[in-house]
Every structure is written in C-alpha cells, then in structure tokens.
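Fold and geometry: a report
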Amino acid sequence: SQQGEEDPQALSIQEGENATMNCSYKTSINNLQWYRQNSGRGLVHLILIRSNEREKHSGRLRVTLDTSKKSSSLLITASRAADTASYFCATGLDQTGANNLFFGTGTRLTVIP
Amino acid sequence: GAVVSQHPSRVICKSGTSVKIECRSLDFQATTMFWYRQFPKQSLMLMATSNEGSKATYEQGVEKDKFLINHASLTLSTLTVTSAHPEDSSFYICSAGPKETQYFGPGTRLLVL
C-alpha cells in the first residue's frame, strides 16, 4: 500500500501549546501535502512541500521534509481551540504532474481551551 | 481559492438501488478529477482517477463495474454506486485542482439501508 502513517493517532493539548504531528511514507515522492479535516467534512489544503525542499512555513504552520528518512512533520505553534481537527499528510507521487494523492492515517488533534 | 462542489451532500437509499454523486469544479476546468472514499475515523482512500473524455483509472481493489465514473465535461465528473449494499455506506469525496494542490469537495455521505 502506498498509504502513509501518521503519529500520533491522537493528540490532546492545551490552547497556546505547540502541536507536532509526524508522517512517514513508503515510496519516492514528488511532493508532500498536509490537509486538515473538520469532523465529517471536506478537506482543506494547508501546505505543500516539494521533494527538493526541507522546510516550509505558512503562518503558524511549519513543515519539514526528510526524504532520506521518508518522513515529514507538521508543527502548529500557539495552538487555538479552532485548530481542533484531523490532520492528514498526503503524498503526490507522479513526476508527470498527475495530482492523485495518497493519504496518511491522520492525527486527530484536540486543543483544549 | 478554487471551489469544488458535490451533490448531494447526503443520501440514504435502499440496498440494491443505484446512487449518482456529482462533482463539479466551479471556477476552473479539470481534465482530471479524483474520487476518494473515507470510512469513519479512517483516512481517505483513492478510488479512481476520472479523466475527461476517456475511461477512468481505478485503484487496485476497486470494482469498476460497481463504481461507474463518467467525466463528460471539463467541469463535471459523476460517480455512480451501482446496486448499493450496506458495506458501500461511506463518505465519498472528490477533488480537482489545476496543479498539485487539490481542492476537495465537501463530501457526500452515503447510507445504504
């Protein structure tokens, strides 16, 4: 299976703390993306990092990518209650530009006010 | 950002009936759209790639005769679950995007009784 794995599966923190989620994958990739999903709803794209990049920032989000270890991490700083959601990493494999994604197992984040 | 819509958002049907789900890209043309399925508290699994004007590409283990995909225009792909059974009950999500970043529809929750 090309599906990645994320850990932890669930994370509960206090508002204001940082949240770190990790993702591991199995194959060579073109890019890795992080998505957020509120309960029972569609996904929202957060950030994309390409295979030749090592770190990327977007607001309170920081993503790292280590292609030698086939792993990525998502850091959310100064968390808020509104950050409560499930977070998925997804890998884009195809060098030709096809955009199908293979999703990790997800981390359910709960931020306690 | 780009918008992808899905219809219906929720459907309940009797076992043995067929259900059609529509996915539309509202402000861009999509030669390729993707269909995913998500079971409760699980990740998204890619089912198939919908190709405008040609046959869909199905992932391993997905029955093409059961999940019929039609991509008749650059803004519309349909997924028909034929002869639905209770085990087909799931959350079906489509995505499309002009580049690697995918925009996801809000999802269709299917319940087969």
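Summary of the structure given here. Chains are numbered independently. Their residues run from 1 in the order of the written sequence. Ligands are numbered from 1 and chains lettered from A, in the order in which they are written. Whole-chain, interface and lining totals are the exception, using all residues; otherwise, since this is a predicted model, local features are given only for residues with pLDDT of at least 70 and side-chain atom pairs are given and counted only at 80 or more. In computing side-chain values, all of the structure's heavy atoms are included and hydrogens and water are not.

Considering the sheet that holds strand S3 (residues 19–24) of chain A
Residue and element names in this part refer to chain A. Put simply, the rule reads: What makes two strands pair is DSSP finding at least two bridges between them. Numbering goes from the N terminus for both helices and strands, where a helix is a DSSP run of H or I of at least four residues and a strand is a run of E of at least two. Here the axes come from fitting lines to C-alpha atoms, over the contacting stretch only for helices, and the angles between their N-to-C directions go from 0 to 180 degrees.
Read from one edge to the other, the open sheet built from five strands follows the order S1-S3-S8-S7-S6, with strand pairing classed as antiparallel. At either end of the open sheet lies a strand with only one pairing partner, and these are strand S1 (5–7) and strand S6 (55–58). Recorded for the sheet is a direction-independent mean angle of 15° between the axes of neighbouring strands. Two strands pair when backbone bridges link them, and S6 and strand S7 (residues 61–66) are joined in this way by four bridges, in the antiparallel orientation. Among the inter-strand pairings, Lys 56 is bridged to a residue of S7, identified as Val 63.

Observations concerning the pairing of strand S2 (residues 10–13) of chain B
Residues and elements named next belong to chain B. What counts is decided by this rule: Each residue is assigned to one of three classes by its accessible area relative to the maximum for its type, calculated with a 1.4 Å probe on protein chains only: buried under 20%, partly exposed between the two thresholds, exposed over 50%.
Residues Val 11 and Cys 13 point to one face of S2 and are all buried, whereas Arg 10 and Ile 12, pointing to the other face, are not buried. Of the strand pairs in this sheet, S2 and strand S11 (residues 108–112) are connected by four bridges, and their pairing is parallel. Within S11, the residue paired with Val 11 across the bridge is Leu 110.

What to know about the packing of aromatic side chains
Cut-off, in case you're wondering: Side-chain rings of Phe, Tyr and Trp, where Trp is taken by its six-membered ring, are said to pair if the distance between their centres is within 6.5 Å; with planes under 30 degrees apart they count as stacked, over 60 as edge-to-face, and otherwise as tilted.
Within this structure, the stated rule accounts for eight aromatic pairs over all chains. Ring centres of Tyr 35 of chain A and Phe 103 of chain A lie 5.7 Å apart, and the angle between their planes is 50°; on these two criteria the pair is classed as tilted. Taken together, the residues Tyr 35 of chain A in strand S4 (residues 31–37) and Phe 103 of chain A in strand S10 (residues 101–103) connect sequence positions 68 residues apart. For the pair shown, Tyr 35 of chain A and Phe 103 of chain A are each scored as buried. Ring geometry for Phe 103 of chain A and Phe 104 of chain B: centres 5.8 Å apart, planes at 75°, overall edge-to-face. With Phe 103 of chain A in strand S10 and Phe 104 of chain B in strand S10 (residues 103–104), this pair bridges two chains.

Structural notes on the interface of chain B and chain A
Under the convention used in this document: In this description, contact between two residues means that some pair of their heavy atoms is separated by no more than 4.5 Å. When two parts are brought into contact, each loses some accessible area as probed by a 1.4 Å sphere; the total of that loss over both is the buried area. Polar contact is the term for a pair of N or O atoms within 3.5 Å; when the atoms are in protein, one must be able to donate a hydrogen and the other to accept it, and sequence-neighboring residues count only if both atoms are side-chain atoms. Side-chain classes follow a simple rule in which Ala, Val, Leu, Ile, Met, Phe, Trp, Tyr, Cys and Pro form the nonpolar group, Asp, Glu, Lys and Arg form the charged group, and the remainder, Gly included, forms the polar group.
Listed by partner, the interface residues are 22 residues for chain B and 22 residues for chain A. Interface of chain B and chain A: buried area, both sides summed, is about 1,600 Å²; carbon and sulfur atoms make up 54% of it. Summed over the three residues of chain B that lose the most area to chain A, namely Ser 43, Glu 100 and Phe 104 of chain B, the buried surface amounts to 33% of that side. Counting every contact that joins chain B to chain A gives four residue pairs in polar contact (both at pLDDT 80 or more). Mapped onto the side of chain B that touches chain A, the elements with two or more residues apiece are strand S4 (32–38), strand S5 (44–51) and strand S9 (90–96) of chain B. Ranked by residue count, the leading element in the side of chain B that touches chain A is S5 of chain B, at four residues. In terms of residue class, the side of chain B that touches chain A is built from nine nonpolar, eight polar and five charged.

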